[in-house]
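# Survey of secondary and tertiary structure
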Amino acid sequence: MLKHLSIRNYALIDHLNLDLPNGMITITGETGAGKSIMLGALKLVLGERADLKSLKNSDEKCIIEADFLIKKNNFLSFFIEHDLEFDENTIIRREILPSGKSRAFINDSPVTLDILQKLTSRLLDIHSQFETAQLLNEKFQLDLLDHFSSLQEDKNEYEKIFTQYHLENRKLQELKDRLLTGSKDQEYSKYLLEELEKAELDELQFDELQSNFNLMKNSEFLAQILSESKQIIDNEDVGLLQQIQVIISRMDKASQVSIDVEKLLERINGIKAELQDISFESENLLEKLELDPIKFEEYNQKINLIHSLLYKHKVSDIKELITVRDDLAKNHLDLEQIESLIFESEKKIEECTEILSKRAKILSSKRLENAPVLEKNILKILSNLGMDKSQIEIKVDPLKDFTPSGTDKVSILFSANVGMPIQPIVKAISGGERSRVMLAIKKIMAENVELPTLILDEIDTGVSGRIANEMGKLMRDMSKSMQIVTITHLPQVAAKGKVQLKVEKQENMGKTTTGVRKLSEEERIEEIAQLISGSDVTESARQQAIELFK
């Protein structure tokens, strides 16, 4: 149960400390006093997302701390599983920092919101006044029956297979789409691939190919230049080598009497050697320049092909062309494999369908088995709330296709009075009737999951008089096995609490704050009398208030 609640720097609350006993606790206060603020703070403890706007003072952090008294045999395994220190007095804390970041702690150990939610969902449930409208929602009606039937494990097993089934169906459709699109483009892609493969790109040295082609293309001009140059070097009468030889002969004599001349002679000999080498290389190059018309045309066609491929595929070099070719080859191979993949996918879907059918039948069987029991339990409670003429039917109808919840459509049919046709609850129930049905459901569900604490926010909306008194009695009965915290505007309900708290808005030095205090017996009588008669409390209202406590 929720033993203590501490709220600091949240909305209109500066600092609030509340000790909460077991049994039934009623909370009253004027509209706008701040009851919803308390619920907002508690929802943060349950793991709801934090909002920086919640901070009263944006320069300080907000701290919300809840102390729960828990049973070891119910919760020890959870603490061991998540490597947390177990304590029968477990403290859950949420902090919102001025930076906007939030942190969560269980017994001072930091935890994720996911872990926090898993624990608090077993500790406390908050029924907000807007949640009553969910009774009309088909998903709520399905979940209600499933919770009552204890189907969570069976649903988890079904949902795992359904997820696989759903993903495999999506994969199959994608494969079929690819096959359809690929078939249309396959011929052209095949042509492009063959064209690139014929180009033999892997072994191609394109720069060298272009260089050789340019040599052939300009061979006549180059041969003339090289021949003339070689003639200038090699001419027997006036060639450079002949003239240098004359210089060497003369300097050879002079080098015998001068070291400087000897050095010059060495340099001239070097020039002679270099010219001889140039002459030799020119000869070799001239031999290569012999034009081969067949090879020249082959080079020309190859270069033109490569340039056309580069332009066609909008790439700039051979490496990128190879990438294009490999991608086309892969896609071509993919298309060849798609039919095989489609066959495999269809086989997997078949297997999933078989398992899903079995799992869905288990869910359907348990729903059909438990629907009449749930109907009986709800009607039993409603009879004590002035709805003894009511009829309720929980229908479980089969669906053709698999859904995330099975193959059933669950709907609640309702009639409040004798002679009225039973029809979908959304068409057949008034506001006050809806509140009573929801209270009956909350009672059943809380008992079913052994929930320690249930917070009811104005679940009694739309009722009054004797019915309000009966709802109060029902809540009090519920509080014998669990802690009930009820926010109410009804005197009949407020009087049934073991303890009554009042939420008040206070103004001090131009600032508005919200506070909560426990009422004494005398204060309770005065508060409930005010709920009966309004702001001007009469003696008659006080006497009525005293009667409500009996």
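To be clear, the structure that these remarks concern was listed above.
Our subject in this report is the structure included herewith. (Residues numbered from 1 in each chain as written. Predicted model: local features only at pLDDT ≥ 70, side-chain atom pairs only at ≥ 80, totals over all residues. Heavy atoms only, no water.)

Before going further, it helps to spend a moment on the overall build of the chain. Within the chain, the secondary structure is distributed over 17 helices and 15 strands. Computed over C-alpha atoms, the radius of gyration of the chain comes to 46 Å, more than 25% over the 24 Å expected from 2.2 N^0.38 for 550 residues, which places it beyond the range of a compact globule. Oriented by its inertia axes, the alpha-carbon framework of the chain measures out at about 150 × 65 × 45 Å. In the chain, which comprises 550 residues, the share counted as buried stands at 43%. Pairs at least 24 residues apart make up 69% of the contacts formed inside the chain by residues separated by at least 6 positions. For the chain, the accessible surface area stands at approximately 31500 Å², while carbon and sulfur atoms represent 50% of it. With 73 positive and 94 negative side-chain charges, the chain shows a spacing of 10 Å between the two charge centroids. (Helix = DSSP H or I, 4+ residues; strand = E, 2+ residues; numbered from the N terminus. Rg over C-alpha atoms; globule rule 2.2 N^0.38 Å. Buried < 20%, exposed > 50% of the residue type's maximum accessible area, 1.4 Å probe, protein only. Contact = heavy atoms within 4.5 Å. Areas by Shrake-Rupley, 256 points an atom, 1.4 Å probe, with all protein chains shown as cover. Lys, Arg positive; Asp, Glu negative; His and termini not counted. Charge placed at Lys NZ, Arg CZ, Asp CG, Glu CD.)

This brings us to helix α2 (residues 72–81). For α2, the set of buried residues is Phe75, Phe78 and Phe79. Down the axis of α2, the buried set is contained in an arc of 100°. They therefore lie on one face. More than 90 degrees from the buried face of α2, the exposed residues found are Asn73, Ser77, Ile80 and Glu81. Where α2 is buried, its residues touch β5 (89–96), β6 (102–106) and α3 (113–120). Immediately beyond the C-terminal end of α2, within one or two residues, lies Asp83, with a positive phi of roughly 55°. (Arc of directions from axis to C-beta.)

Okay, the sheet that holds strand β11 (residues 423–424) next. The sheet built from three strands is open, its strands ordered β9-β10-β11 with antiparallel pairing. A single partner strand is all that each edge strand has here, and the edge strands are β9 (391–403) and β11. The strands touched by helix α4 (residues 138–148) are β9 and β10 (406–415); relative to β10, the strand with the most contacts, the crossing angle is about 100°. (Pairing = 2+ DSSP bridges. Axes fitted to C-alpha atoms, helices over the stretch in contact; angles between N-to-C directions.)

We now examine the pairing of β10. The element β10 is extensively covered by neighbouring structure, given that nine of its 10 residues are classed as buried. One ladder, built from nine bridges, connects β9 with β10; its direction is antiparallel. By the bridge assignment, Thr403 is partnered in β10 with Gly406. Here two bridges tie β10 to β11, and the two strands are oriented antiparallel to one another. Counterpart to Leu413 in the pairing with β11 is Pro424.

A few words on the pattern of salt bridges. Throughout the structure, instances matching the rule amount to 32 salt bridges. One salt bridge in this structure joins Lys230 and Glu283, with 3.5 Å as the shortest N-O distance. Here Lys230 is found in helix α7 (residues 219–234), whereas its partner Glu283 is found in helix α9 (residues 259–288), with 53 residues between them in sequence. The exposure class assigned to Lys230 is buried, which follows from its relative accessible area of 18%. We note a salt bridge from Arg325 to Asp326, for which the minimum N-O separation is 3.0 Å. On the basis of relative accessible area, Arg325 is assigned to the buried category, the value being 12%. Among the residues examined, Asp326 registers a relative accessible area of 38% and is labelled partly exposed. (Salt bridge = Lys/Arg side-chain N within 4 Å of Asp/Glu carboxyl O.)

Of note, Leu201 is situated in the loop between α5 (152–198) and α6 (206–217). In the structure, Leu201 is positioned 105 residues away from Ile306 in sequence and 9.0 Å away in space, judged by C-alpha atoms. The residues contacting Leu201, other than those within four sequence positions of it, are Leu196, Ile306, Ile318, Leu321, Ile322 and Arg325.

Okay, the nonpolar core next. Counting residues in hydrophobic clusters, the biggest one holds 48 residues, and the most contacted among them are Ile64, Phe68, Phe79, Ile106 and Leu124. Looking at which element gives the most residues to this core, the answer is helix α1 (residues 35–45), with seven residues. Ignoring any residue separated from it by four or fewer positions in sequence, one finds Phe68 in contact with Met1, Leu2, Lys3, Val45, Glu88, Asn89, Thr90, Ile92, Leu123 and Leu124. If you look at the next biggest cluster of nonpolar residues, it comprises 46 residues, including Leu142, Leu144, Leu385 and Ile441. (Core = buried A, V, L, I, M, F, W, Y, C linked by side-chain atoms within 4.5 Å.)

In this section: the packing of aromatic side chains. Throughout the structure, instances matching the rule amount to five aromatic pairs. Plain terms: the ring middles of Phe78 and Phe79 are 6.0 Å apart, the flat faces sit at 75° to each other, and that makes the pair edge-to-face. Judged on exposure class, the residue Phe78 and its partner Phe79 are both buried. Plain terms: the ring middles of Tyr158 and Phe162 are 6.1 Å apart, the flat faces sit at 15° to each other, and that makes the pair stacked. Taken together, the positions of Tyr158 and Phe162, both in helix α5 and four residues apart, correspond to about one turn of that helix. (Phe/Tyr/Trp six-rings, centres within 6.5 Å; stacked < 30°, edge-to-face > 60°.)

Moving on to the packing of helix α8 (residues 240–254) against α9. Each packed pair of helices is defined by two parameters, the angle between the axes and the distance between the axes. At a closest axis distance of 10 Å, the pairing of α8 and α9 adopts a crossing angle of 160°. What the angle tells us is that α8 and α9 run roughly antiparallel. Both α8 and α9 take part in a crossing whose hand is left-handed. Between α8, through Leu240, Leu241, Ile244, Gln245, Ile247, Ile248, Met251, Asp252 and Ala254, and α9, the contact on the second element is made entirely by Val261, Leu264, Leu265, Ile268, Asn269, Ile271, Lys272, Leu275 and Gln276. Counted by class, the contact of α8 with α9 contains 13 nonpolar, three polar and two charged residues. (Parallel < 35°, antiparallel > 145°, perpendicular 65-115°, else oblique. Left-handed = near helix turned anticlockwise from the far one by under 90°. Nonpolar A, V, L, I, M, F, W, Y, C, P; charged D, E, K, R; others polar.)

Take the sheet that holds strand β12 (residues 453–457) next. Spatial ordering of the open sheet is given by β8-β12-β13-β3-β14-β15, a layout of six strands whose pairing is mixed. The sheet is open, and its two edges are formed by β8 (124–127) and β15 (511–518), each paired on a single side. Across this sheet, the average inter-strand angle for adjacent strands is 15°, counted without regard to direction. Alignment of β8 against β12, held across four bridges, turns out to be parallel. When the sheet's bridge partners are listed, Asp125 is paired in β12 with Leu454. Most of the contacts of helix α16 (residues 521–533) go to strand β14 (residues 499–508), to which it runs at about 80°, and overall it touches β3 (24–28), β14 and β15.

We now examine helix α13 (residues 431–449). Over its 19 residues, α13 runs 27 Å from end to end, which matches the ideal 27 Å to within 8%, given 1.5 Å per residue. Among the 19 residues that make up α13, 14 are buried, leaving the element largely enclosed by the rest of the structure. (Expected span 1.5 Å × (residues − 1).)

On to the side chain of Glu527, then. Mapped onto the secondary structure, Glu527 falls in helix α16. At 2.9 Å, the side chain of Glu527 and the side chain of Lys502 are in polar contact. Apart from residues no more than four positions distant in its own chain, Glu527 is found in contact with Thr28, Gly29, Gln500, Lys502 and Leu519. (Polar contact = N/O pair within 3.5 Å; in protein donor to acceptor, adjacent residues only side chain to side chain.)

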